[in-house]
Amino acid sequence: MTRHFLRDDDITPAEQTEILDLAIAMKADRYGSRPLAGPQTVAVIFDKSSTRTRVSFAVGIADLGGQPLIISTANSQLGGKETPSDTARVLERMVAAIVWRTYAQAGLEEMAAGTTVPVVNALSDDFHPCQLLADLLTIREHKGSLQGTTVAFLGDGRSNMAQSYLLAGANAGMNVRLACPAGFSPDPAVVADATALAGKTGGSITVLDDPGEAVTGVDVVVTDTWVSMGKEEEKAQRLATFAGYQVDQALMAKAASDAIFLHCLPADRGYEVAAEVIDGPQSVIWDESENRLHAQKALMVWLVERAERRQAGG
């Protein structure tokens with residue numbers, strides 16, 4: 001069975017650790033693993049604009065000896081005439097893996113169901129699992145361990161980052177606190193999945209509406225833009241709704257004295273985060289950004305090598 005990475009709990013806790021261990025090793029020896037030499041091609045498809053995702057996947061594939069094929073749905077049949085499953089069946093004859101940054105999670109699920117090569121969710125409206133691998137790698141580097149670490153995410157609980165933090169954090173045995181305004185709570189099914197997973201790993205899931213309560217004593221503080229792509233028409237309303245959730249120095253002071261701050265970027269200084277925090281000594285956003293490269297390389301190696309073993313009958 002082909003393994004895909006469409007949401008954070010598509011891998012087990014042990015597999016998550018295995019991928020992060022591999023990322024640490026590959027970061028220490030950036031060009032030491034080249035399983036895509038040939039070069040094999042990886043299709044990287046974009047429905048949305050991108051900086052970090054585009055660069056980290058293109059550079060990562062090249063680091064692994066492969067060739068990134070960047071495709072815009074605006075200039076391909078996937079953008080209109082062709083279904084995700086048909087596109088996948090075409091691509092699998094030519095590429096080693098498919099990476100897709102898109103809107104609907106359902107499209108990714110359809111693509112994965114219709115192909116024999118690994119499909120990676122590079123971002124959807126519901127989840128951002130590759131970013132979470134990078135975030136977990138960053139937390140592990142700065143805190144030494146994920147198990148038992150407490151993290152607070154502030155902002156839109158329905159966002160892909162919030163929902164991925166619930167699943168990935170639970171998978172890692174972390175204590176995840178999510179603070180969001182009324183009407184912006186995460187999908188109850190995601191909360192239920194994360195809670196069940198946390199019960200097995202020793203972690204915990206807490207959803208509340210008080211940002212001060214959420215950050216008190218935590219090891220990690222995380223936020224994201226209040227106005228995601230596709231939500232621009234809601235900007236004025238969202239800025240008013242989330243005003244009390246800005247991560248400023250007073251809020252960071254409630255966290256542990258050695259707490260770190262994460263933001264997946266791009267950031268709107270003065271809105272979801274104060275400049276004094278994101279540009280201050282507790283911010284590790286540049287490590288986090290770089291770790292997209294290392295975490296995604298490890299993920300691709302992990303997925304592609306398993307696909308090759310399956311095809312070889314191993």
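Residues numbered from 1 in each chain as written. Predicted model: local features only at pLDDT ≥ 70, side-chain atom pairs only at ≥ 80, totals over all residues. Heavy atoms only, no water.

## Observations concerning helix 1 (residues 13-28)
Helix length check: helix 1, at 16 residues, gives a terminal C-alpha distance of 23 Å against a target of 22 Å (1.5 Å per residue), a fit within 8%. Here helix 1 has its buried residues at Glu 15, Gln 16, Ile 19, Leu 20, Ala 23 and Met 26. Each buried residue of helix 1 sits inside an arc of 135° when the element is viewed along its axis, so together they form one side. Pointing more than 90 degrees away from the buried face of helix 1 are the exposed residues Ala 14 and Ala 28. (Helix = DSSP H or I, 4+ residues; strand = E, 2+ residues; numbered from the N terminus. Expected span 1.5 Å × (residues − 1). Buried < 20%, exposed > 50% of the residue type's maximum accessible area, 1.4 Å probe, protein only. Arc of directions from axis to C-beta.)

## Quick word on the side chain of Thr 223
Positionally, Thr 223 belongs in strand 8 (residues 220-223). In this structure the side chain of Thr 223 is engaged in a polar contact, spanning 2.9 Å, whose partner is the backbone oxygen of Leu 154. (Polar contact = N/O pair within 3.5 Å; in protein donor to acceptor, adjacent residues only side chain to side chain.)

## So, the pattern of salt bridges
A complete count under the given rule lists 12 salt bridges for this structure. Its salt-bridge partner being Asp 21, residue Arg 140 comes within 2.4 Å of it at the nearest N-O pair. On the criterion of sequence distance, the pair formed by Arg 140 in helix 5 (residues 129-143) and Asp 21 in helix 1 is long-range, its members being 119 residues apart. Classification of Arg 140 as partly exposed rests on a relative accessible area of 22%. Of the residues examined, Asp 21 reaches a relative accessible area of 35% and is grouped as partly exposed. Across the salt bridge formed by Asp 63 and Lys 297, the nearest N and O atoms sit 3.2 Å from each other. Placement of Asp 63 in helix 2 (residues 52-63) and of Lys 297 in helix 12 (residues 285-311) is noted, with a sequence separation of 234 residues between them. Across the pair, exposure class does not vary: Asp 63 and Lys 297 are buried alike. One salt-bridge network, held together by shared partners, links Arg 7, Asp 9 and Asp 193. (Salt bridge = Lys/Arg side-chain N within 4 Å of Asp/Glu carboxyl O.)

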